[in-house]
Amino acid sequence: SMMAKSGDERVVALEKEQREMEDALKTVRSKTEKQLWDLEEAQSALRLMHSAICRQAPATPVGGIGIALGTETVNIKGKQLKFAKVTQIASSGPAAACGVMSGDLLVEIDGRDVTNVDVKTIKEMTKGPPGSPLKLKAKRGVSGPVYKVVLERSGGTGTSM
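The rules behind the values
Residues numbered from 1 in each chain as written. Predicted model: local features only at pLDDT ≥ 70, side-chain atom pairs only at ≥ 80, totals over all residues. Heavy atoms only, no water. Helix = DSSP H or I, 4+ residues; strand = E, 2+ residues; numbered from the N terminus. Rg over C-alpha atoms; globule rule 2.2 N^0.38 Å. Contact = heavy atoms within 4.5 Å. Buried < 20%, exposed > 50% of the residue type's maximum accessible area, 1.4 Å probe, protein only. Pairing = 2+ DSSP bridges. Arc of directions from axis to C-beta. Lys, Arg positive; Asp, Glu negative; His and termini not counted. Salt bridge = Lys/Arg side-chain N within 4 Å of Asp/Glu carboxyl O. Polar contact = N/O pair within 3.5 Å; in protein donor to acceptor, adjacent residues only side chain to side chain.

Participant: Hey, could you go over the overall build of the chain for me, with residue numbers and the actual values?
Facilitator: When you go through the chain residue by residue, the secondary structure sums to three helices and six strands. Counted from the first residue to the last, the chain has its helices and strands arranged as α-β-β-α-β-β-α-β-β. A globule of 161 residues ought to have a C-alpha radius of gyration of about 15 Å, yet the chain, at 35 Å, is considerably larger. With respect to the principal axes defined by its C-alpha atoms, the chain has extents near 110 × 40 × 25 Å. Within the chain, contacts between residues at least 6 apart in sequence are counted, and of these 53% link residues at least 24 apart.

Here is the structure:
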């Protein structure tokens, strides 16, 4: 049978319980403070990284001519030739303004023959400082006429074209 605790015993038990709760609270508090500290450290590290990235970002802007390219293999006089083919045109881009059309095959860029040159290399050749000229020689499809235009690279829009 449970004996009724005397008043003093109850007070002692309650004081012990209160001390344990206060200790538990202290532990939680110090954990929280540490987490807060870690968070502030992480935030300031992020701020530093962010400002470093922002300082790097405005590198030289790169302009393009507003075209997307694919590849077309053409048989000319028994020879397999690979051409970069215009697959898409940015409607307000330099290429569109000069009458370049989807389906056109690129022959030369700035006087360099780009037949059998991979698309990635050609893409790099079309990029340059905004406003700089690019001489393009292209064919209107496989059997169409060859034409030449001088394009002015657009301002760096950050697009892939």
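Participant: A description of the pairing of strand β6 (residues 146-152) should follow, citing residues and the corresponding values.
Facilitator: Look at any regular strand and the pattern is simple: side chains alternate between the two faces of the sheet. Side chains Y147, V149 and L151 of β6 all project onto a buried face; the interleaved residues V146, K148, V150 and E152 project onto a face where none is buried. The antiparallel hairpin formed by strand β5 (residues 133-139) and β6 contains six residues in its connecting segment, where G141 sits at a positive phi of about 75°.

Participant: Can you tell me about helix α3 (residues 119-126), naming the residues and giving the values?
Facilitator: Helical geometry: 3.6 residues make up each α-helical turn, so side chains three or four residues apart lie on a common side. Residues I122, K123, M125 and T126 constitute the buried set of α3. Looking straight down α3, one finds its buried side chains confined to an arc of 160°; they lie on one side. Structural note: α3 exposes K120 and E124 on the side pointing more than 90 degrees away from its buried face. Looking at the buried side of α3, the elements it contacts are β1 (67-76), β2 (79-89), β3 (105-109), β4 (112-113) and β5.

Participant: Break down the side chain of K123 for me, citing the residues and quoting the values.
Facilitator: Counting through the fold element by element, K123 comes out in helix α3. No salt bridge is formed by the buried K123; its nearest oppositely charged neighbour, E124, is found at 8.2 Å. Polar contacts involving the side chain of K123 include one to the main-chain carbonyl oxygen of I67, which spans 2.9 Å.

Participant: Give me the lowdown on the pairing of β3, citing residues and values where you can.
Facilitator: Taken across its five residues, β3 has four buried, putting it largely inside the fold. Pairing geometry for β2 and β3, over two bridges, is antiparallel. Opposite A84, over in β3, you have L106 as the bridge partner. Pairing of β3 with β5, which is carried by four bridges, proceeds in the antiparallel orientation. Paired with L106 across the bridge in β5 is A138. Sheet analysis places β3 next to β4, joined by two bridges and oriented antiparallel. Residue E108 lies in a different strand from β4, and its bridge partner there is D113. Hairpin connection between β3 and β4: a loop of two residues separates the two successive antiparallel strands, and D110 in this loop has a positive phi of roughly 50°.

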